[in-house]
Every structure is written in C-alpha cells, then in structure tokens.
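The residues making up each chain are set out below.
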Amino acid sequence: DLRSEATLRTMTEDVVTSSEIEGEILARDQVRSSIARRLGMDIGGLVPADRDVEGVVEMTLDAARNYRAPLTDERLFG
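I will try to describe carefully the structure that is included in this document. Chains are numbered independently. Their residues run from 1 in the order of the written sequence. It should be noted that, the model being predicted, local features are given only for residues of pLDDT at least 70 and side-chain atom pairs only at 80 or more, the latter also being counted only at that level, while totals for whole chains, interfaces and linings use all residues. Water and hydrogen atoms play no part in the side-chain values, which are based on all heavy atoms of the structure.

Quick notes on helix α3 (residues 51-65)
Strands here are runs of E lasting at least two residues and helices are runs of H or I lasting at least four, both read from the DSSP assignment and numbered beginning at the N terminus. Here the expected span of a helix is defined as 1.5 Å times the quantity of residues minus one. Over its 15 residues, α3 extends 21 Å from the first C-alpha to the last, a length consistent with the 21 Å expected when each residue adds 1.5 Å. Buried within α3 we find Val53, Glu54, Val57, Thr60 and Leu61. With its buried residues spanning 135° around the axis, α3 presents them on a single face. The exposed residues of α3 that point more than 90 degrees off its buried face are Arg51, Asp52 and Met59. Buried residues in α3 make contact with α1 (2-21) and α2 (28-38). Summary of the burial criterion: residues with accessible area below 20% of their type's maximum are buried, those above 50% are exposed, and those between are partly exposed, where the area comes from a 1.4 Å probe applied to protein chains only. Note that the arc is defined by the directions from the helix axis to the C-beta atoms. Contacts were defined at the residue level, with two residues in contact if any of their heavy atoms lie within 4.5 Å.

In structure tokens form, the structure reads like this:
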C-alpha cells in the first residue's frame, strides 16, 4: 500500500510539474484521479478528469512503461 501511494504521489507531482514547465496548469486532483484509475488503484474521492489531463497522464504512463520501445509515428500520435 505504501509503495502504491508513493508511486501515485510521485507520478502526480511529475505530471503536474512537467505541465507547469510547459505553461499548462493542471488540476492536481484530476491528475491524481486519472493516474489512480489507469493504475487500477482503489482510492476514495476520484474526480472526473478533463480531456487534457487524460492525454497528459496517458502520455506520461506510456513513457514510463515503454521507455525502451521505439518512438513510432503510431505511438507518438496516438
């Protein structure tokens, strides 16, 4: 449980901070909920995430999970 919470917290901070560097301010609670849903975590208080948040979270998780895979056109534009 502690490892899962640490992963969720770290990934949430990574997504929010990386987006801020790019000039995008994302709602932390939406980011956290989106990550938790995608990781299959059962946490209370999940909130709906808008399309922008879902896209950034999907891209971040893909980069973390598939960092050794080639960056194909399909993956890049997916």
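Some remarks on the layout of surface pockets
Method remark: on a 1 Å grid restricted to protein atoms, a set of points is classed as a cavity if a 1.4 Å probe fits but cannot get out and as a pocket if it is open with protein on both sides within 12 Å along at least five of seven lines; lining residues have an atom within 4 Å of a point. Grid points are joined across faces, edges and corners, and a volume is the space filled by probe spheres set on the points. In this structure, the largest pocket occupies an estimated 230 Å³ of space. Of all the secondary structure elements, the ones that give two or more residues to the lining of the largest pocket are α3 and α4 (73-77). Among the elements that line the lining of the largest pocket, the one with the most residues is α3, at 5 residues. When residue character is reported, Ala, Val, Leu, Ile, Met, Phe, Trp, Tyr, Cys and Pro are called nonpolar, Asp, Glu, Lys and Arg charged, and the others, Gly included, polar. Broken down by class, the residue content of the lining of the largest pocket amounts to 4 nonpolar, 2 polar and 3 charged. Estimated volume of the second largest pocket: approximately 180 Å³. If you trace the second largest pocket, you find it lined by Ser18, Ser19, Glu22, Glu24, Leu26, Arg51, Asp52, Gly55, Val56, Met59 and Thr60. At the level of elements, α1 and α3 are the ones that each hand at least two residues to the lining of the second largest pocket. Looking at the lining of the second largest pocket element by element, the count peaks at 6 residues for α3. Its residues assigned to classes, the lining of the second largest pocket comprises 3 nonpolar, 4 polar and 4 charged.

Considering the packing of α1 against α2
Note on geometry: axes are lines fitted to C-alpha atoms, helical ones only across the stretch in contact, with angles between N-to-C directions running from 0 to 180 degrees. Running from N to C, α1 and α2 cross one another at 130°; their axes reach a closest spacing of 9 Å. When the interaxial angle is binned, α1 and α2 end up oblique. For the pair α1 and α2, the sense of crossing is right-handed. Counted together, Glu5, Leu8, Met11, Thr12, Glu13, Val15 and Val16 of α1 and Arg28, Val31, Arg32, Ile35 and Ala36 of α2 form the full contact between these two elements. Considered class by class, the residues forming the contact of α1 with α2 number 7 nonpolar, 1 polar and 4 charged. To sort the angles, those under 35 degrees are grouped as roughly parallel, those over 145 as roughly antiparallel, those from 65 to 115 as roughly perpendicular, and the leftovers as oblique. Two helices cross in a left-handed way if the nearer one is turned anticlockwise from the farther one by less than a right angle. They cross in a right-handed way if the turn is clockwise.

Regarding the nonpolar core
We call a set of buried residues a nonpolar core when its members are Ala, Val, Leu, Ile, Met, Phe, Trp, Tyr or Cys and they connect through side-chain atoms within 4.5 Å of each other. Counting residues in each nonpolar core, the largest one holds 14 residues, and the members touching the most others are Leu8, Val15, Val31, Ile35, Val53 and Val57. Broken down by element, the residue count for this core peaks at 4 residues, all from α1. In contact with Val31, not counting residues within four places along its chain, are Thr12, Val15, Val16, Leu26, Val53 and Val57.

These results come straight from atomic positions and should not be treated as a statement about function.
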